[in-house]
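An overview of the molecular structure
Below are the chains, spelled out letter by letter.
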Amino acid sequence: MNLTEKYRPTRLDDLLGQAKAVGIARQLIARGLAGRAIWISGKSGQGKTSLARILVSQFADALNIEELDGSALTTSALTDWDDRCHYWPLGAKKGYGFVINEAHGLHAPVVRRLLVLLDPPSPRALWVFTTTLEGQLNFIDGIDAPPLLSRCARIGLTSRGVAALFAERAKAIAGIEGLDGKALTAYVELVNSLQGNMRAVLQAVETGQMALPKLYLDGTGVTDAARARLSRALPD
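Residues numbered from 1 in each chain as written. Predicted model: local features only at pLDDT ≥ 70, side-chain atom pairs only at ≥ 80, totals over all residues. Heavy atoms only, no water.

1. Considering the overall build of the chain
In plain terms, the rule: In this text, helices come from DSSP runs of H or I with a minimum length of four residues, and strands from runs of E with a minimum of two, each type numbered from the N-terminal end. In this scheme, a residue with accessible area under 20% of its type's maximum is buried, one over 50% is exposed, and one in between is partly exposed, where area comes from a 1.4 Å probe on protein chains only. What makes two residues a contact is simply this: any of their non-hydrogen atoms within 4.5 Å. What sets the accessible areas is the Shrake-Rupley method with a 1.4 Å probe; for residues, cover comes only from the shown protein chains.
From N to C terminus, the chain includes eleven helices and five strands. The proportion of buried residues among the 236 residues of the chain is 42%. If you take every contact in the chain between residues at least 6 apart in sequence, the share linking residues at least 24 apart comes to 78%. When the accessible surface of the chain is split by element, carbon and sulfur atoms take 54% of a total near 12500 Å².

2. Overview of the side chain of S122
Positionally, S122 belongs in the loop between α5 (108-117) and β4 (125-132). Take S122: its relative accessible area is 16%, and that puts it in the buried class. Residue contacts for S122: discarding those within four places in its chain leaves G35, C85 and L117.

3. Some remarks on the sheet that holds strand β5 (residues 153-156)
Stated formally: Should DSSP find at least two bridges between two strands, the strands are taken to pair. In this analysis, axes come from line fits to C-alpha atoms, helices being fitted only over the stretch in contact, and the angle between any two N-to-C directions falls in the range 0 to 180 degrees.
Pairing in this open sheet of five strands is parallel, and the strands run β2-β3-β4-β1-β5 from one edge to the other. Two strands in the sheet have a free side with no partner beyond their single neighbour: β2 (65-69) and β5. Mean inter-strand twist for the sheet, computed between neighbouring axes without regard to direction, equals 15 degrees. Judged from the five bridges that link them, β2 and strand β3 (residues 96-101) form a sheet pairing that is parallel. If you follow L68 over to β3, its bridge partner there is I100. Where helix α2 (residues 19-31) meets the sheet, it contacts β1 (36-42) and β5, and its direction lies at approximately 150 degrees from that of β5.

4. As for the packing of helix α8 (residues 163-176) against helix α10 (residues 198-206)
This is how it is decided: Working definition: roughly parallel below 35 degrees, roughly antiparallel above 145 degrees, roughly perpendicular at 65 to 115 degrees, and oblique for all remaining angles. Each crossing is labelled by how the near helix is turned from the far one, with a counterclockwise turn of less than a right angle marking it left-handed and a clockwise turn marking it right-handed.
It is the contact of α8 with α10, at a shortest axis distance of 10 Å, that shows an interaxial angle of 30 degrees. In terms of their interaxial angle, α8 and α10 are classed as roughly parallel. Of the two elements, α8 crosses α10, and the hand of that crossing is right-handed. Contacts from F166, R169, A170, I173 and A174 in α8 reach M198, V201, L202 and V205 in α10.

5. Concerning the pattern of salt bridges
Rules: Each reported salt bridge corresponds to a side-chain nitrogen of Lys or Arg within 4 Å of a carboxyl oxygen of Asp or Glu.
This structure, assessed with the given rule, holds eleven salt bridges. The partner of R53 in a salt bridge is E5, and the shortest N-O contact between them spans 3.6 Å. Here the residue R53 occupies a position in helix α3 (residues 48-59), and E5 occupies one in helix α1 (residues 3-6), the gap between them amounting to 48 residues. Judged by its relative accessible area of 31%, R53 falls in the partly exposed class. Note that D180 is salt-bridged to K171, the shortest N-O span being 2.9 Å. When salt bridges with common partners are traced through the structure, they connect E5, R8, R53 and E67 into a single cluster.

Spelled out as structure tokens, the structure:
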């Protein structure tokens, strides 16, 4: 399992640097998720899908959750999902959860069908859409999207102030995985260079970019200066 999935947040408290978004999510949970549609936007790799999964897991059991890319969603799939909502689901939680990622890829016929299904949504359904900020702008410009957005509670993720938090988390994960060999400042630089995309940061960690270089057993190709630096960095 890759590091992004292995360490994906599963609780609201695990979403770093998103106090406002978490506050809105808690408010919606407190008021009830039944019969709601939620639109989550933000930059890539900042927790949109994680938040969507956390929300639907509050409302529906795993066997009653569907997750699709927006471009793959069809009107026939929507009809099937709507038909299910006429019946109580199996499981402890009495709802169905539908997550549509990259919602800016929704096709026009699907959007038109959603306008009907979400006015109002079935009380047995929770719909959660996720999209990047760039995708959302293109979506609004390219299709009659405002009526769809008006049917959704909006949650926006921020990129402000997350660099240090993401860096600390990435370094902790690297340490657990035996891949940590650099100072925290190097992780901050990595997060900033990847525009706050935690998924990309963990890909860099997993490919060894933050690990100490390995020495050949015989020391071939390692200079005395490099060997001394590594010696000081390694624990006794």
